[in-house]
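# Summary of the model geometry
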Amino acid sequence: MMDSTPVRKAHRLFRDPHRAVRATFGVSVSRGQCPDPPENKSLSLEVPGSLSCKQKEIFNLTHTRNVRWMKDCRPIEGGGRVTVDEGGILRLSAASQEDSGKYTCLVDISVDGQKYTAARSIRVTVDKVVEGTLVVKPEVVYPQHKVVVVEEGARVELKCLASIGFSEDRETLMYWTVNETYSEAHKELGFSWNFVRRRGMVFGESTLSISNVRRHFLNVPISCCVLNSAGFQKGVAWLQEADHRALHTAVGLGLSSSLALLLLFALLLFFRVDLVLACRKLLRPFSKRAPDGKLYDAYVSFLPPDAPRSAATASLALGLLPEELETQHGYSLYIPGRDDCPGDAVHDVVAATVRRCRRLIIIISPEANRPPHGRTEEQLCYEQKVGLHDALTLNDPRVILVEVGGAVDYSRLPESLRYVRRRQGALRWSSTGAASTSFWKSLRYHMPPVPPPSDQPGWVVCGQPAVRGGSACSPGVSMNPEAMVESS
């Protein structure tokens with residue numbers, strides 16, 4: 001049926017202004033809106049069914065179209081049991097006796113600006129299903145262009161499921177092909193299949209077993225074929241070799257990252273002293289020392305206390321240490337013989353002074369290898385006993401061991417000193433250039449951070465302020481290190 005124009009035996013259609021396409025076709029004219037049905041179709045009761053417009057020549061004319069369906073010349077509303085897909089196929093979810101009648105497919109098209117409507121009718125009859133007589137074309141549910149990632153030489157199984165119809169048709173055949181050759185031609189392949197019922201439908205289920213994936217099985221179509229008297233259908237799967245490049249890349253990145261971290265850790269460990277000192281220097285203007293009740297940064301003590309001090313020991317304790325730590329880096333040191341006052345030998349005063357220091361620097365010389373009367377504890381003076389006791393029990397003050405004048409035999413020293421030596425080691429003083437620089441860096445590394453100048457406390461001597469570097473009892477009078485060499 002065509003609207004708006006007279007009916008002609010032939011009609012010339014133009015696809016675009018530059019190219020004309022001539023098409024000749026017969027036209028059947030009907031008086032009513034719904035033409036007489038040229039086709040009869042039977043549907044099974046309570047079984048899904050479908051109806052096609054079968055107007056291929058109309059659908060090929062243009063993409064501008066609208067498909068409508070009518071039953072007994074009354075419009076059919078979509079939804080529910082009835083649906084119409086993009087190809088104009090009407091589908092019934094479950095046919096009933098009421099679905100019998102004349103169905104008309106109307107296709108509205110536009111050609112060269114003119115509107116036409118093409119119509120075709122089908123007579124539908126819904127009958128009961130007769131077991132064993134209904135054969136439908138098979139449809140493969142899966143595989144549908146499925147890609148399976150495998151390892152060469154591995155064992156693999158492929159599954160296939162196909163809809164057969166409503167009965168087990170003994171003429172149905174399922175088989176597999178690999179690159180268009182039958183699976184029987186390959187000794188590594190074996191398959192089986194059987195009928196299964198699901199939701200009132202009959203399916204064919206098949207399994208292809210590949211005992212050993214060969215190279216010629218990769219990247220070729222492996223087809224599951226289903227054949228019966230109503231038609232042929234196949235589903236295709238592909239075997240693809242696993243790509244290990246991503247894994248190799250991940251492993252490589254992991255190893256590279258681990259090596260980089262190890263290298264970074266080694267560099268930090270090797271240059272930790274320089275890095276810590278550099279950070280302290282950069283952050284010093286912005287840092288502020290929290291009140292801790294301490295008056296001095298370090299207490300300098302000698303071991304053994306009663307032995308004559310060598311020139312190297314006296315020079316380091318009374319000359320080089322104050323010059324490097326106090327003058328150049330702003331530390332405050334308490335050095336017996338320089339900062340003590342008359343009467344300060346009282347034990348409680350000495351203990352209080354040690355506990356007001358953040359570090360306890362014990363300078364050990366080879367003379368410590370010869371304990372008097374074989375009693376090692378007599379090598380420690382009271383200040384050292386107090387400092388070591390607090391360091392081992394409270395970790396305050398922290399002990400810094402400095403060896404001067406040669407190797408020290410710790411087996412002849414008290415157990416407390418041996419324990420400190422084993423746990424944290426000792427610094428060895430050397431006056432040579434590179435060794436001297438390394439010694440001062442290590443000593444400053446073990447010292448507390450230097451506070452900003454505004455936070456540095458003034459010197460306290462006998463309860464009164466004193467001049468830095470001066471005598472404890474005579475403020476402003478400098479002590480001569482050489483004069484302390486023979487003092488005990």
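Cut-offs used in this document
Residues numbered from 1 in each chain as written. Predicted model: local features only at pLDDT ≥ 70, side-chain atom pairs only at ≥ 80, totals over all residues. Heavy atoms only, no water. pLDDT = per-residue confidence, 0-100. Helix = DSSP H or I, 4+ residues; strand = E, 2+ residues; numbered from the N terminus. Contact = heavy atoms within 4.5 Å. Core = buried A, V, L, I, M, F, W, Y, C linked by side-chain atoms within 4.5 Å. Buried < 20%, exposed > 50% of the residue type's maximum accessible area, 1.4 Å probe, protein only. Expected span 1.5 Å × (residues − 1). Phe/Tyr/Trp six-rings, centres within 6.5 Å; stacked < 30°, edge-to-face > 60°. Pairing = 2+ DSSP bridges. Disulfide = S-S within 2.5 Å.

## Observations concerning the confidence of the model for the protein chain
In this model, the protein chain carries a mean pLDDT of 78, and residues with pLDDT of at least 70 account for 77%. Within the protein chain, strand 26 (residues 464-466) has the poorest average pLDDT of any element, 41, and strand 17 (residues 201-210) the best, 94. This model gives residues 1-21 a pLDDT under 50, and the stretch forms 30 contacts once residues within four places in sequence are excluded. Overall, residues 463-488 carries pLDDT values under 50, and its contacts beyond four positions in sequence, including any with other chains, amount to 51 contacts.

## Describing the nonpolar core
Counting residues in hydrophobic clusters, the biggest one holds 25 residues, and the most contacted among them are Leu158 and Leu239. Within the residue set of this core, elements represented by two or more residues are strand 12 (146-150), strand 13 (156-165), strand 14 (173-178), strand 16 (189-198), strand 17, strand 18 (221-228) and strand 19 (231-241). With 5 residues, the single largest contributor to this core is strand 13. Residue contacts for Leu158: discarding those within four places in its chain leaves Val148, Trp176, Ser206, Thr207, Leu208, Ile222, Ala237 and Leu239. With 23 residues, the next largest nonpolar core counts Val300, Leu318, Leu333 and Ile400 among its residues.

## Overview of helix 6 (residues 382-394)
Taking 1.5 Å as the rise per residue, helix 6 with 13 residues should run 18 Å; its terminal C-alpha atoms sit 18 Å apart, in good agreement. A positive phi of about 60° marks Asn395, the residue just after helix 6.

## As for the packing of aromatic side chains
Going through the model one piece at a time under the given rule, you end up with 8 aromatic pairs. Ring centres of Trp193 and Phe195 lie 5.1 Å apart, and the angle between their planes is 75°; this geometry places the pair in the edge-to-face category. Cluster of aromatic residues (ring-pair linked, three or more members): Tyr296, Tyr299 and Tyr334.

## Some thoughts on the sheet that holds strand 3 (residues 39-44)
Strand order in this open sheet of 5 strands is 3-10-9-5-6, and the pairing throughout is mixed. Sheet topology places strand 3 and strand 6 (74-75) at the edges, where each strand pairs with a single neighbour. The sheet contact formed by strand 5 (residues 65-71) and strand 9 (residues 101-111) spans 7 bridges and is antiparallel. Each residue of the ladder has a partner; that of Asn66, found in strand 9, is Asp108.

## Observations concerning the state of the cysteines
Enumeration over the complete set of coordinates arrives at 3 disulfides. In this model, Cys34 is linked to Cys73 through a disulfide, with the two sulfur atoms separated by 2.3 Å. Of the two residues, Cys34 is situated in the loop between strand 2 (19-23) and strand 3 and Cys73 in the loop between strand 5 and strand 6; the sequence distance between them amounts to 39 residues. Residue Cys73 is classed as partly exposed on the basis of its relative accessible area, which comes to 32%. Residue pairing for Cys53: its cysteine sulfur links by disulfide to Cys105, the two sulfurs lying 1.6 Å apart.

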